[in-house]
Amino acid sequence: MLKQRVITAIVLLALLLPALFAASPWPFAVLTLLLIGAAGWEWGRLNNAGAGLAVAMGVLLALAGAAALALGWTLVPPAWLWWPVALAWVAGGALALRGGPAAWPGLPLALRRVLGLAMLWVAWLAIAHARSIGINFILSVFCLVWVADIAAYFGGRALGRRKLAPSISPGKSWEGAFSGMAGVIVLAFVWRWVDASQPVDAPSLYSRMAHSWGVAGMLAGSLLLGAMSVVGDLFESLVKRAAGTKDSSNLLPGHGGVLDRVDALLPVFPIAIALATN
């Protein structure tokens, strides 16, 4: 299993890093669109779609992304999009987690499928747009999610006592979540120092939030994004539990599926764009 994980990680990095650091944002947008199309197929399978329908959902999602590329939305997306999506994630995420795995199958099947595809499309558009803003910007968002996850893992192992969502993900604790928030705050100050002291191609998420909302707003926004990374993770776990499966697929040997790797990013990127482009 460890060997599989390492090989898969190396292959993904070999594909993603050259695309991320290419002179044009297009290679990264196209590669991530292929991955999000695979996630659309996984979403269909998690929501009772047969083999043919699940493939059709993935293809439809990829075509919707291709249309956004053709319209230039990865460079200049609709300005009205991000805040409604951010509010929908905050409110909808809270409702979904409150209902738990038992409530998810109670939603109409067509609604669940459409919501998932819309969620994935908007997240991909936000990720592609973040790359067009600048490498420093997109890395600052990625690292927020990674630091929140890593700090939560170690904080939970060392201090975890109170379960955060036992019916969804028994391994997560409130102490781990608070550790993740602390890691995000440290990261925000460190990255602002990097922005001020090093040559960067674009201001980071944290500098943009501080410019628009002040330092207090930057801290509040960072905490919100750290919390929403947990919501994204828990939401995907909820859907998998409702479907009775451990992984979204086996597309990434040793890592599960694409959804398993991007779940925390799904709410974070649209909300980050909303906070950074006010």
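Residues numbered from 1 in each chain as written. Predicted model: local features only at pLDDT ≥ 70, side-chain atom pairs only at ≥ 80, totals over all residues. Heavy atoms only, no water.

Together, Trp146, Ile150, Tyr153 and Phe154 line one region of the surface with nonpolar side chains, adding up to about 470 Å² of accessible area. Here Phe154 shows up in helix α6 (residues 135-159). Overall, the relative accessible area of 54% leaves Phe154 in the exposed class. (Patch = residues over 30% accessible without salt bridge, like charges linked within 9 Å, V, L, I, M, F, W, Y side chains within 5 Å. Areas by Shrake-Rupley, 256 points an atom, 1.4 Å probe, with all protein chains shown as cover. Salt bridge = Lys/Arg side-chain N within 4 Å of Asp/Glu carboxyl O. Helix = DSSP H or I, 4+ residues; strand = E, 2+ residues; numbered from the N terminus. Buried < 20%, exposed > 50% of the residue type's maximum accessible area, 1.4 Å probe, protein only.)

Glancing now at empty space enclosed by the protein. Enumeration over the complete set of coordinates arrives at 1 cavity of 30 Å³ or more. Each pocket or cavity is described by its volume, and for the largest cavity that value is around 30 Å³. Together, Pro25, Trp26, Ala29, Leu69, Thr74, Ala128 and Ser132 line the largest cavity. Among the elements of the structure, α2 (26-46) and α5 (109-133) are those that each provide at least two residues to the lining of the largest cavity. (1 Å grid on protein atoms, 1.4 Å probe; cavity = no way out; pocket = protein on both sides within 12 Å on 5 of 7 lines; lining within 4 Å. Points joined across faces, edges and corners; volume = space filled by probe spheres on them.)

Relative to the helices and strands, Ala94 is located in helix α4 (residues 82-103). For Ala94, a relative accessible area of 48% corresponds to the partly exposed category. Distance in space between the C-alpha atoms of Ala94 and Ser167 is 15 Å, their sequence separation being 73 residues.

Below, the discussion takes up the pattern of salt bridges. As enumerated under the stated definition, the model contains 4 salt bridges in all. Lys172 serves as the salt-bridge partner of Asp233, at 3.2 Å between the closest nitrogen and oxygen. With Asp233 in helix α8 (residues 205-243) and Lys172 in strand β2 (residues 169-173), this residue pair connects regions lying 61 residues apart in the sequence. We note a salt bridge from Glu236 to Lys240, for which the minimum N-O separation is 3.6 Å. Taken together, the residues Glu236 and Lys240, both in helix α8 and 4 residues apart, mark about one turn of the helix. You can call Lys240 buried: its relative accessible area is 11%.

Here we take up the packing of α2 against helix α3 (residues 51-71). Orientation of α2 relative to α3, taken along the N-to-C sense of each, is 150°, at an axis distance of 7 Å. Viewed along their axes, α2 and α3 adopt a mutual orientation that is roughly antiparallel. The hand of the α2/α3 crossing is right-handed. Listed contacts from α3 to Trp26, Ala29, Val30, Leu33, Ile36, Gly37, Gly40, Trp41, Trp43, Gly44 and Arg45 of α2 are Ala54, Val55, Met57, Gly58, Leu61, Ala62, Gly65, Ala66 and Leu69. The class makeup of the residues in the contact of α2 with α3 is 14 nonpolar, 5 polar and 1 charged. (Axes fitted to C-alpha atoms, helices over the stretch in contact; angles between N-to-C directions. Parallel < 35°, antiparallel > 145°, perpendicular 65-115°, else oblique. Left-handed = near helix turned anticlockwise from the far one by under 90°. Contact = heavy atoms within 4.5 Å. Nonpolar A, V, L, I, M, F, W, Y, C, P; charged D, E, K, R; others polar.)

If you check helix α7 (residues 174-197), its first and last C-alpha atoms are 35 Å apart, about what 24 residues at 1.5 Å a residue would give, namely 34 Å. Those residues of α7 that fall on the buried side of the exposure criterion are Glu175, Gly176, Ala177, Ser179, Gly180, Met181, Gly183, Val184, Leu187, Ala188, Trp191 and Asp195. Each element contacted by the buried residues of α7 is listed here: α6, β1 (163-165), β2 and α8. (Expected span 1.5 Å × (residues − 1).)

To continue, consider the packing of aromatic side chains. Scanning the entire structure with this criterion turns up 11 aromatic pairs. Between the aromatic rings of Trp73 and Trp121, the centroid separation amounts to 6.2 Å while the plane-to-plane angle is 70°, which identifies the pairing as edge-to-face. Of this pair, Trp73 sits in the loop between α3 and α4 while Trp121 sits in helix α5, placing them 48 residues apart in sequence. Take Trp73: its relative accessible area is 29%, and that puts it in the partly exposed class. By the ring-pair criterion, three or more aromatic residues cluster together here, those being Trp43, Trp89, Trp104 and Phe235. Cation over ring: Arg208 sits above Phe137, and NZ or CZ is 5.6 Å from the ring centre. (Phe/Tyr/Trp six-rings, centres within 6.5 Å; stacked < 30°, edge-to-face > 60°. Lys NZ or Arg CZ within 6 Å of the ring centre and 35° of its normal.)

What follows is about α6. Between the first and last C-alpha of α6 there are 35 Å, a value that for 25 residues agrees with the 36 Å anticipated at 1.5 Å per step. For α6, the full list of buried residues reads Ile135, Asn136, Phe137, Ile138, Ser140, Val141, Phe142, Cys143, Leu144, Val145, Ala148 and Gly155.

Taken as a whole, the second largest pocket holds about 460 Å³ of empty space. Around the second largest pocket, the lining is made up of 20 residues, and of these Ala88, Gly92, Leu115, Met119 and Phe235 lie nearest the centre. The element best represented in the lining of the second largest pocket is α4, accounting for 10 residues. For the lining of the second largest pocket, the residue count by class is 15 nonpolar, 5 polar and no charged.

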